Amino acid sequence: MNLAIEIRKLCVTYGRHGRGQLNQPAVNNLTLVVRPGEVFGFLGPNGVGKTTSMNVLLGFMPATEGIVRLFDVDARHSVARQRIGYLPEMTYCCKFMTEEELLCFYARIFRIPRAERSRRIAGVLTLVGLEQAGWRQIKTYSKGMQQRIGLAQAQSFSTC
Ligand SMILES: Nc1ncnc2c1ncn2[C@@H]1O[C@H](COP(=O)(O)OP(=O)(O)O)[C@@H](O)[C@H]1O
Ligand SMILES: [Mg+2]
């Protein structure tokens, strides 16, 4: 079907309260599709289930019901994540590393061949405007620079 994201009739309920009552669904019957190349804003008031939906999409937690697919692969399979990048609200990374060490680490996780790594890393650092800061530990970066490193890791190594 060639969809980047496909969510159909997603329902998620978090466990039980102490008295044995089932919680209200955190996500109730969500259906949406995103096509390749489309920019999609996923907006809504606090508590409507955006983060929960993202967590299911990224395979961090299971759906209670419904279909969730990334590029036609069920989001429960780790292979689905080979074709996507993810930039969380807060950048989590090993801040004692330099940006090059960090991106090399991600490149290895994504099994980018050694011969290709340097070229890919240099390209993505130029894209996010960080090529000048290569020798510094990430902990010395400003928040904005750390976000740019996060953006670099999110978009550089997916196999799309
Ligand atoms: N770990 C959790 N355990 C139980 N309930 C949760 C948990 N995380 C979120 N919720 C509940 O699920 C609903 C949706 O939360 P969330 O997905 O974080 O919403 P949003 O990101 O749209 O603000 C809320 O009612 C929230 O209280
Ligand atoms: Mg949220």
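Computed from a predicted structure; not experimentally measured.

**Q** Help me out: how do you make sense of the nonpolar core in this one?
**A** Soluble, globular proteins show a tendency: their nonpolar side chains are buried together. Counting residues in each nonpolar core, the largest one holds 12 residues, listed as Ile7, Leu10, Val12, Ala26, Val27, Leu30, Val56, Leu57, Ala63, Val68, Leu70 and Ala75. Secondary-structure elements contributing two or more residues to this core are strand E1 (5-12), strand E2 (27-34), helix H1 (50-57) and strand E3 (65-70). No other element matches E1, which puts 3 residues into this core. What Ala63 contacts, discounting residues up to four positions off in sequence, is Leu10, Val12, Val56 and Val68. Judged by nonpolar contacts, the second largest core, of 10 residues, contains Ile121, Leu130, Ile138 and Ala152.

**Q** Honestly, the domain arrangement of the chain in this entry has me stumped. Any pointers?
**A** The accessible area lost on association of the parts is a frequent measure of interface size. Partitioning the chain into structural domains gives domain 1 (5-83) and domain 2 (99-156). Inter-centroid distance (C-alpha atoms) of domain 1 to domain 2 is 29 Å.

**Q** What's the story with the site of ligand 1 in this structure? I'm lost.
**A** Taken together, Tyr14, Ala26, Gly44, Asn46, Gly47, Val48, Gly49, Lys50, Thr51 and Thr52 form the complete shell of residues around ligand 1. Partitioning the shell around ligand 1 into residue classes produces 3 nonpolar, 6 polar and 1 charged.

**Q** Could you clarify how one ought to interpret the pairing of E3 in this entry?
**A** Along a regular strand, successive side chains alternate from one face of the sheet to the other. Pairing of E1 with E3, which is carried by 5 bridges, proceeds in the antiparallel orientation. Residue pairing in the sheet places Ile5 in a bridge with Leu70 of E3. The antiparallel pairing of E3 with strand E4 (residues 73-74) creates a hairpin that spans 2 residues between the two strands, and Phe71 there sits at a positive phi of about 45°.

**Q** I tried to follow the environment of Ile121 on my own but got confused; where do I start?
**A** Along the polypeptide, Ile121 turns up in helix H3 (residues 114-128). Along the primary structure Ile121 and Thr13 are separated by 108 residues, whereas in three dimensions their C-alpha atoms are 40 Å apart.

**Q** Where do I start with the sheet that holds E4 in this structure?
**A** With antiparallel pairing, 4 strands are arranged side by side in an open sheet as E2-E1-E3-E4. Looking at which strands have only one partner, the edges of the open sheet turn out to be E2 and E4. Where H1 meets the sheet, it contacts E1, E2 and E3, and its direction lies at approximately 120° from that of E1.

**Q** Explanation requested: helix H2 (residues 99-109) in the structure shown.
**A** A turn of α-helix holds 3.6 residues, and therefore any two residues three or four places apart point the same way. Along H2, the residues classified as buried are Glu99, Leu102, Leu103 and Ala107. Seen end-on, H2 carries its buried residues on one side only, within an arc spanning 140°. Pointing more than 90 degrees away from the buried face of H2 are the exposed residues Arg108 and Ile109. Looking one or two places after H2, you find Arg111, whose phi comes out positive at around 55°.

Calculation criteria
Residues numbered from 1 in each chain as written. Chains lettered and ligands numbered in written order. Predicted model: local features only at pLDDT ≥ 70, side-chain atom pairs only at ≥ 80, totals over all residues. Core = buried A, V, L, I, M, F, W, Y, C linked by C-beta atoms within 7 Å. Buried ≥ 20, exposed ≤ 12 C-beta atoms within 10 Å, placed from the backbone. Helix = DSSP H or I, 4+ residues; strand = E, 2+ residues; numbered from the N terminus. Contact = placed C-beta atoms within 7 Å. Domains from an automatic or database assignment. Near = placed C-beta within 6 Å. Nonpolar A, V, L, I, M, F, W, Y, C, P; charged D, E, K, R; others polar. Pairing = 2+ DSSP bridges. Axes fitted to C-alpha atoms, helices over the stretch in contact; angles between N-to-C directions. Arc of directions from axis to C-beta.

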